[in-house]
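Coordinates in review
This is what each chain is made of:
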Amino acid sequence: MVEQAAEGGLPMRKWPAPLRALWHAELPARGRQDLAFINALGLVAVLLCVPLDYSTGPQTFATGLVLRLGIVVPAYLLAIYAALRWSWPIRRLVSIVPPACFATVATFLGTFQSGAEMSSYLMGAALIVLMATAVLPLRAGMLSMMVGLSLIGMWTVWAALPLSPPVSGESGALLAYLTATMLVALALPIRTDRMKDRAFLSDLRSRFVSERLVAANAQLRELSHRDDLTGLPNRRYFQRIFGSALEDSIKRGDGLAVMMIDVDRFKHFNDSHGHLAGDRALRQVAGQLERQFAAPGCTVARYGGEEFIALVERCDAAHALALAETIRQAVEERPVLTGQGAKVPITLSIGVAMRESANTAAGDLVARADSALYDAKEAGRNRVQLAGEAPDGTTGQGRCRPASQA
């Protein structure tokens, strides 16, 4: 909708309803303070006219004081209050009244004068309307209503008062000139409205583009951290998480486990059942791993090929081995459905390494888990072994034992 409105150069009244609603929704933030400030300036202008009335004589001063303080000042005060408190439809209607009141009162006071003083009042009336037309943050339609009300008030006063022929002719010619000037001045808000509409659409389009870019960048970051096949975090993401988790574990002084997980005889599975079945097997294993490592402080990622790696924070060896054994059993109990409709069991070998000291390096911990995985493979596969223990349960360099014997 934004693109169509911008490219077609449509005026706001022809925009789709949702776009117009968005435009109106942003009005309070854009126009409330501006409208109140401009009406406050109009109020100041009214008060500054009081000395002018005084300089023209006591009758004009007395009449002007009553009319300005009784009509124009309350109109501006009401407009200021409406701008700050009331809804946009009401405050824009209220804001077109004070300039019309100002112009009508000024015209009335001007008809009591003659010559230059009369011209000053009439031109002052027109000037306040022209200034309001230029500065009020209203659409051209509302400003046209304001100019229309002002002209009706000025011409009504001029026609109703009994003026001498010389004064009537002079003031009528001046009023006609000022009327033409005010009507021509309406071209400015019409052009301004078009510029504001284009600026709004351009800003809206920029915001939408920015939001799409932010969303696209977030999606790219997410994709850069995810493995395409399994949907698990990839090795790069794991390494970033692993480094900070290891530092936190050292600071806290609690346990941290790393597990290297490998699908047993996966090459033979691929050769026997095809790569599509192999991909299905990896996705199924990844789903099981994601469910088992869903707790806070757990992270699992695809390390490469049929290998996965997991990190468990705030745990001891017994907890890590029990979790690894649960995972091994869950995968073993759920065969993979091949393309031929057969169900083929798959198993995992898991090597577990625990952080042993404060100077443990991330690479050393992964290497120990990988060594434990190698020992699990050598000991017959489909088993969990802890780094540093032999299959028979004795302590050994680079050896492990099954979780069932832990």
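An unreviewed UniProt entry lists the chain under the name diguanylate cyclase, with Alteriqipengyuania abyssalis given as the organism. As its UniProt record puts it under Catalytic activity (unreviewed entry), the chain is described as follows: "2 GTP = 3',3'-c-di-GMP + 2 diphosphate".

Here we take up the packing of helix α6 (residues 97-110) against helix α8 (residues 140-160). Where α6 meets α8, the closest approach of the two axes is 8 Å, and the angle between their N-to-C directions is 20°. One element, α6, and the other, α8, form an angle in the roughly parallel class. Every pair of crossing elements has a handedness; the one defined by α6 and α8 is right-handed. Taken together, the residues of α8 that come into contact with α6 (itself represented by Pro99, Ala100, Ala103, Thr104, Thr107 and Phe108) are Met146, Leu149, Ser150, Gly153, Met154 and Val157.

What follows covers the UniProt feature "transmembrane region" (unreviewed entry) in the chain. The sites that carry the UniProt feature "transmembrane region" (unreviewed entry) are, in the present numbering, residues 35-54, 60-81, 93-112, 118-136, 143-161 and 173-190. For residues 35-54, the end-to-end C-alpha separation is 30 Å, with 100% helix and 0% strand making up the annotated structure. When the span residues 173-190 is considered, its composition is 94% helix and 0% strand, and the gap between its end C-alpha atoms is 27 Å.

Here we come to helix α14 (residues 317-332). Between the first and last C-alpha of α14 there are 22 Å, a value that for 16 residues agrees with the 22 Å anticipated at 1.5 Å per step. Among the residues of α14, Ala320, Leu321, Leu323, Ala324, Glu325, Ile327, Arg328, Ala330 and Val331 are the ones counted as buried. Looking at the buried side of α14, the elements it contacts are β1 (256-263), α13 (275-292), β3 (307-313), β6 (348-354) and β7 (384-386).

Attention shifts here to the packing of aromatic side chains. Each aromatic ring pair is summarised here by two numbers: the centre-to-centre distance and the angle between the ring planes. Applying the stated criterion across every chain, the model contains five aromatic pairs. Their ring planes at 80° and their centres at 5.4 Å tell us that Trp155 and Trp158 sit as a pair that is edge-to-face. Of this pair, Trp155 and Trp158 are both found in helix α8, three residues apart, which corresponds to roughly one turn of the helix. In this structure, Arg68 is placed above the aromatic ring of Phe102, and the distance from its NZ or CZ to the ring centre is 5.7 Å.

A word on a positive patch on the surface. Among the surface-exposed residues, Arg13, Lys14, Arg191, Arg194 and Arg198 lie close enough to one another that they form a single positively charged patch. Tracing the backbone through its elements, the reader meets Arg13 in the loop between α1 (2-8) and α2 (17-25). Judged by its relative accessible area of 65%, Arg13 falls in the exposed class.

What follows is about the pairing of β6. Here β6 lies mainly inside the structure; seven of its seven residues are buried. Here β6 shows no split at all, with Leu348, Ile350, Val352 and Met354 on one side and Ser349, Gly351 and Ala353 on the other all buried. Taking the sense of rotation as the criterion, the β-α-β connection linking β6, helix α15 (residues 362-378) and β7 turns out left-handed.

Nonpolar side chains in soluble globular proteins generally cluster together in the buried interior. Formed by 42 residues in total, the largest nonpolar core has its most connected members in Leu136 and Met146. Taken together, the elements giving at least two residues each to this core come down to α3 (27-55), α4 (58-85), α6, α7 (116-135), α8 and α9 (165-185). Setting aside chain neighbours within four positions, we find Met146 in contact with Ile96, Pro99, Ala100, Val129, Ala132, Thr133 and Leu136. Counting 35 residues, the second-largest nonpolar core is a separate cluster that includes Ala277, Ala281, Cys298 and Ala310.

Okay, α13 next. The end-to-end C-alpha separation of α13 is 26 Å, in line with the 26 Å expected for 18 residues at 1.5 Å each. Of all the positions in α13, only Ala277, Gly278, Ala281, Leu282, Gln284, Val285, Ala286, Gly287, Gln288 and Leu289 are classed as buried.

Thresholds, definitions, all that
- Residues numbered from 1 in each chain as written.
- Predicted model: local features only at pLDDT ≥ 70, side-chain atom pairs only at ≥ 80, totals over all residues.
- Heavy atoms only, no water.
- UniProt positions renumbered as here; feature names shortened; annotations may be inferred.
- Axes fitted to C-alpha atoms, helices over the stretch in contact; angles between N-to-C directions.
- Helix = DSSP H or I, 4+ residues; strand = E, 2+ residues; numbered from the N terminus.
- Parallel < 35°, antiparallel > 145°, perpendicular 65-115°, else oblique.
- Left-handed = near helix turned anticlockwise from the far one by under 90°.
- Contact = heavy atoms within 4.5 Å.
- Expected span 1.5 Å × (residues − 1).
- Buried < 20%, exposed > 50% of the residue type's maximum accessible area, 1.4 Å probe, protein only.
- Phe/Tyr/Trp six-rings, centres within 6.5 Å; stacked < 30°, edge-to-face > 60°.
- Lys NZ or Arg CZ within 6 Å of the ring centre and 35° of its normal.
- Patch = residues over 30% accessible without salt bridge, like charges linked within 9 Å, V, L, I, M, F, W, Y side chains within 5 Å.
- Areas by Shrake-Rupley, 256 points an atom, 1.4 Å probe, with all protein chains shown as cover.
- Salt bridge = Lys/Arg side-chain N within 4 Å of Asp/Glu carboxyl O.
- Lys, Arg positive; Asp, Glu negative; His and termini not counted.
- Charge placed at Lys NZ, Arg CZ, Asp CG, Glu CD.
- Right-handed = clockwise from strand over helix to strand, strands pointing away.
- Core = buried A, V, L, I, M, F, W, Y, C linked by side-chain atoms within 4.5 Å.

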